[in-house]
Amino acid sequence: MRMFPAILLALLATATTLPAELPDGFRFEKGALNSVTIEGAGQRLVVYGSATPNADQVLMTHMRRDLTEFARAAVGTGGRVAAPRSVAAFLGDPSAHWTAWWDKRNDYYDQQVTRLPIAPLAVADPVGDGDRLAGPGGLEFRVLETPGYTREGITYLVEVDGKKIGFSGDLILAGGRVPDLYSFQDAIPEAKIGGYHGYGGRLGQLIRSLEKLAAEKPDLLVPIRGEIITDPQGDIAELIRRVRAIYANYLSTNALNWYFKEERLTAAGRLVLGAEAEVELMDYSEHVELPDWCKHLGTTKLLLAGDGSGFVLDCGGPGPLGDLRKALADGLVTRIEGIFVTHTHNDHSAAVAEAAREFGCPVYAVAEVADVLENPGAWFLPGTSANAVDEVTVLADGEKLPWKNYELTAHFFPGQMYNHGALLVERSDHAPVFFIGDSFSPSGIDDYCLMNRNLMRDDTGYFLCFKKVRALPAGSWLVNQHIPHLFRFTPERLDLLESRYRERADLINALTPWDDPNFAIDERWASFYPYGQEIEPGKEGSLELRFWNHSVRDREIRVKLHLPEGVSAARSEVSLTIPARREGSMTFPLSIADDAKPGVSVITADIAGDDFDLKQWAEALVKIE
Amino acid sequence: MSSIHADTTTGPDNTAMLTRAVVVLTFFVLAGPAAGHPALYHYLEINLLEPGEVSVYVTFHAPELSTGVAPLEEDIFGREWLATRDDVSLAALVENADRFAGEVFSFRFGDRNVVPDFAFPGFETIRRPPAGSVVPDGCFSGAATLVYERAETDLMIEFSATAEKRLMLIINRPAAFPRVIDLEPGGHFSLALPEAPALSRPDPDRKAILFSGAITLLLLLTLALMRRRRACLR
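Residues numbered from 1 in each chain as written. Chains lettered and ligands numbered in written order. Predicted model: local features only at pLDDT ≥ 70, side-chain atom pairs only at ≥ 80, totals over all residues.

Enquirer: For the overall build of chain A, give the residues involved together with the corresponding values.
Expert: On a plain count of helices and strands, chain A comes out with 15 helices and 36 strands. Its C-alpha radius of gyration of 27 Å places chain A within 12% of the 25 Å reference for a compact globule of 625 residues. With the C-alpha coordinates of chain A rotated into their principal frame, the extents come out at 90 × 75 × 40 Å. A burial count over chain A gives 51% of its 625 residues as buried. Intrachain contacts of chain A at a sequence separation of at least 6 include 65% that bridge at least 24 residues. (Helix = DSSP H or I, 4+ residues; strand = E, 2+ residues; numbered from the N terminus. Rg over C-alpha atoms; globule rule 2.2 N^0.38 Å. Buried ≥ 20, exposed ≤ 12 C-beta atoms within 10 Å, placed from the backbone. Contact = placed C-beta atoms within 7 Å.)

Enquirer: Pulling in residues and values, what's your account of the overall build of chain B?
Expert: For chain B, the helix and strand inventory stands at five helices and nine strands. Of the regular secondary structure in chain B, the N- to C-terminal order runs α-β-β-α-α-β-β-α-β-β-β-β-β-α. Here the analysis covers contacts within chain B between residues at least 6 apart in sequence; of these, 74% occur between residues at least 24 apart.

Enquirer: Kindly report on the packing of helix α5 (residues 203-215) of chain A against helix α6 (residues 232-252) of chain A, identifying the contributing residues and their values.
Expert: All names here are of chain A. Where α5 contacts α6, the two axes come as close as 10 Å, and the packing angle between them is 165 degrees. Classed by the angle they form, the pair α5 and α6 counts as roughly antiparallel. Note on packing geometry: the crossing formed by α5 with α6 is left-handed. Along its contact with α5, which presents L203, L206, I207, L210, L213 and A214, the element α6 presents P232, Q233, I236, L239, I240, V243 and Y247. For the contact of α5 with α6, the residue count by class is 12 nonpolar, one polar and no charged. (Axes fitted to C-alpha atoms, helices over the stretch in contact; angles between N-to-C directions. Parallel < 35°, antiparallel > 145°, perpendicular 65-115°, else oblique. Left-handed = near helix turned anticlockwise from the far one by under 90°. Nonpolar A, V, L, I, M, F, W, Y, C, P; charged D, E, K, R; others polar.)

Enquirer: Break down the environment of M168 of chain B for me, citing the residues and quoting the values.
Expert: Counting through the fold element by element, M168 of chain B comes out in strand β7 (residues 166-172). Residues M168 of chain B and L217 of chain B, 49 residues apart in the sequence, show an inter-C-alpha distance of 49 Å.

Enquirer: Tell me what's going on with the environment of R502 of chain A, and back it up with residues and numbers.
Expert: Residues and elements named next belong to chain A. Considering the arrangement of structural elements, one finds R502 in helix α14 (residues 491-511). On the basis of neighbour counts, which here come to 15 C-beta atoms within 10 Å, the residue R502 falls in the partly exposed class. In this structure the C-alpha to C-alpha distance between R502 and Y462, which are 40 residues apart in sequence, comes to 10.0 Å.

Enquirer: Got a sec to walk through the pairing of strand β33 (residues 573-578) of chain A? Specific residues and values, please.
Expert: Residues and elements named next belong to chain A. Buried residues are scarce in β33, accounting for zero of its six residues. The sheet contact formed by strand β31 (residues 555-562) and β33 spans six bridges and is antiparallel. Paired with E556 across the strands is T577, a residue of β33. (Pairing = 2+ DSSP bridges.)

Enquirer: Please give an account of unusual backbone geometry that cites residues and values.
Expert: Residues and elements named next belong to chain A. With an omega of 0 degrees, the peptide bond between Y529 and P530 qualifies as cis. Tracing the backbone through its elements, the reader meets P530 in the loop between β28 (526-529) and β29 (532-535). Despite not being glycine, N54 has its phi angle at roughly 70 degrees, a positive value. Inspection of the secondary structure assignment puts N54 in the loop between β3 (43-47) and β4 (57-59). Residue classification places N54 among the partly exposed positions, given that 13 C-beta atoms sit within 10 Å. Phi angles above zero are rare outside glycine, and R581 is one such case at about 60 degrees. Within the fold, R581 resides in the loop between β33 and β34 (583-592).

Enquirer: I'd like a rundown of the domain arrangement of chain A, residues and numbers included.
Expert: All names here are of chain A. Taken domain by domain, chain A consists of domain 1 (25-241), domain 2 (286-489) and domain 3 (524-624). Between the C-alpha centres of domain 1 and domain 2 there is a distance of 43 Å. With 12 residues of domain 1 at the interface, the matching set in domain 2 holds 12 residues. Grouping the constituent residues of the side of domain 1 that touches domain 2 by class yields six nonpolar, four polar and two charged. (Domains from an automatic or database assignment.)

Enquirer: Break down the sheet that holds strand β8 (residues 179-183) of chain B for me, with residues and values.
Expert: Residues and elements named next belong to chain B. What the five strands build is an open sheet, ordered β5-β2-β1-β7-β8; its pairing is mixed. Edge positions in the open sheet fall to β5 (139-147) and β8, since each of these has one partner strand only. With strand direction ignored, the average angle separating the axes of adjacent strands in the sheet is 20 degrees. Bridging between strand β1 (residues 41-50) and β7 involves seven bridges; their strand directions are parallel. Along β7, the bridge assignment pairs E45 with I170.

Enquirer: Can you tell me about the environment of N509 of chain A, naming the residues and giving the values?
Expert: With respect to the helices and strands, N509 of chain A occurs in helix α14. As a C-alpha pair, N509 of chain A and R177 of chain A span 332 residues in sequence and 10.0 Å in three-dimensional space.

Enquirer: So what's going on with the pairing of strand β30 (residues 540-548) of chain A? Which residues, and what values?
Expert: As a general feature of sheets, a regular strand has side chains that alternate between the two faces. Where β28 of chain A meets β30 of chain A, four bridges bridge the pair, whose relative direction is antiparallel. Note that in β30 of chain A the partner of Y529 of chain A across the bridge is E544 of chain A.

What follows is the structure, given as C-alpha cells:
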C-alpha cells in the first residue's frame, strides 16, 4: 500500500511530461513563426506558412505582415490562401494604404499597430465565423472569429482521431500569455472611449474570444509562435485572469476618471472584469483654482508678468492662437516672449510654429520634444502635427530660464509620453507650480495610450516622474494643460500610485514571453529614424535603426533589411550588441535608382536576438519623387 | 456659407433669424470655442459681448452622439469618421446633438427658463470645416442666442448629472480673458449679466412681426393714396 502513492505520483509526473501529440499526417515545425503541414490524398495544406513553397492551401489567422510573408512563401503559384474575410481586400492590395499612410500618419489617434502587409497576396478563400474549409484527406476546418490580439483574428478548428485542434494565431500563447499588450489598444465604443484613450481596448474582445474557444473544448491549440498549448482550458483561464488583473490595476490609477467619470470607466471595466464587477477608480486629489497670473486658454497656459508680458506653455491650434491674438489686441498682454512646449501631441503643438513666427518669440523644449517639433516627419508617434517648428531652443533637464519675476526650470518628464517635458514655475509670492503637460490628472496617471511609450523602468517613464514630483519643494502644485486647476497628491497618494504602477509592471511581465515588460508595452523599442523621408531618384539617403534594450542584460541584435524595388543599401545585414538598459543604433546608407518609380515605398527589417526572431518588424517610409 | 438648419425654423418672417444665424455661425466657425482635446470634456461657450444678448455655443464630439454601438471601423473617434458620414447619418447626429443639448444643459434668467434654439452648420461644413476653423477634429457646434430683459441680471446654467463627462464652461466678456469653469456633471454656475438696454430689444419674432406689420401698413397707405388719386383724377 505504501507503494501506491509513489506509483500514482510517477504516473502523474509522466502525464505532465508527455509531448503534445498531433495526429498522424500533421507535421509541426517550431520557428520564428510556427508551421503546421498536413498532407493527405496528394494534397498539402499549411497552417500559417512555410519556407517550403507550393502548398495547395495556406490558412492565415490574421493579417500581420510577418504572417503574410510566411504564407506567401508557402503558397507559391497555384495555391489557395484562406484568410479572414474582413481583411481579404486589404491583403489583395495594400498599396493604397501605404500611399495614404504618408499623410495619415500625421495627427494619428487610431493607435493601431502598423505592421501591416506591404505586397499584395490574393485571398482565394475569404472566411468568416462558421465557414468550413475542406482540407486534405477529407479533413474539415471550421472557422471561429476570435478577435482580440488583432481586430480580424480567427481560429481554425479541426477534429481528427477524436481530437479537436485549434490553430489560433496570436490569440493566446502557451502558459496563458500574449505577445505584447500594445496590440490591444483600440476604441471601446460601448464606453464611448476612442482608440487613443483605449488602453487594452480589445481585452474585452479577447476574453469573449477565449471563452468562445474554451466552449469548443479543444484538446490542443497551436499558436503561431511558441509551444503547442496542451492545456487549453488551463491556459485560457490563466490568460483571462492575468488580463483582468492588469485592467483592474490600470483603471484604479487612471487619469481618465477625472474626465470620463464613473459611467464610462465602469462600462469599460465591466467589458473585461465581468458584467457585475465593481470597478475601483481613484478619487480626486486636492485641487484649487488657478492663480490670477496663469490663464487657461484651451490647452494653452499663459503666464503673465508684472509688466504685462506673457510666456506661453503649448499652443495647440487656431482656438488658443486666436485667444492669444485677442488678448494682445485687447491689451491684456503686451507681448508674448516665449513658448515652452510640453509635448508633441498636436493639441499642444499644432500652432506653435505659426505662433512663434507671428509673435517673434523663441520656442523652448527639452531635447526629446525638440526634435519631434523640428522634424515631425522623421517620427511616428500618436498625434504628431506635421507643422514643423523652425527652430527650438533645447533646454537641458534641470536647466533654468529666468523670466521677469519668474524662475522657470525645464524638466524631462516622460509621463504621458516619452517625448515629454515639464516646466517648474516659481515666483516669490506663490507656491511652486509644476506644469506637467498631460502626465497626471487629479485622479491619477495619463497612461491610457501605450503608443505614447509610457515606459515602466526605474530610470525613466512614470517611475522617473514620481521621483521628480516627490523631489519638488514642499507645497508645490501640479498643473495639467487640459485642466484649469492646481492640484497635488499627498505622499500617501503618490505611494499608492507608484506601488500600483509597479504591480502592473510585474503583471505585464508575467503576461508576455519577454524578459522585461517594457518590450510588451513599447512598440517603438526598435524603430527607424527617420520614419519618413523624401529622396529623389539617383540620390542617396540614410536610415538609422534605433534600439532600446529594455532588458537587464546585454543583447546582441541581428538585423536584416528588406528593401523595395529601386532602393538599395550598402549593407543590409548588421549585428550590434547593446548593453543592458541602453540604447543603440545602426545606420544604413541608402541609394535610390535613377529609374526608381515615384511613390511611397516601405523598408522593413527583421530583428533577431537569442530569444526572439521578429520578421518584418520595423518599417520606414521612403517617398521617391 | 452652406445651408443652415435655421432656415427651417418657424416664424412669420425668417429673414431676421436667418441673418442672425449666418452672423452667429460665421463668428463661430472663425473664432468660436477654444476647445482642448474634444473627447475629454463637453464644451459650452458663452459670449457676453452685446448687452441684452447671450450667445451660446455647444461643441459636440460627434462619434459620441451615435445612438448605436459602432463597430471598430477605422478612426472611429477621429477626424475621418465625421468626414465620411452620409447625409442621413449627419441628420441623425444633428438631431441627437439638439436633443443632447436640451437634456444636458438648462438655462434660466432669474425665474425664467429659456430653451435655446440651436442652429447647426450645413452638412458639408460639418464634414469639412473651412480652413482656420477652430472646431476640433471630429466635432461640430451649435449656436444660439438668448435675449434677456433689463430686470434680468443673472444667467443660471445647470449641467445635468447624466452628462457622463465634465464640462468646460468658457465665458467671454469684452476686453477680458476668458473665464473658465470646470464643472462636474450635476454642477451649476450663475454668471452676472451686463445690464440690458433700457428699452429691451424686441425678440426676433417680434421684430419679424413688426417688420411685416410695417410693410402691410405701407402697402395699405399706398393703396389708399392710389385710390384717392384716381378719385381726384375722375
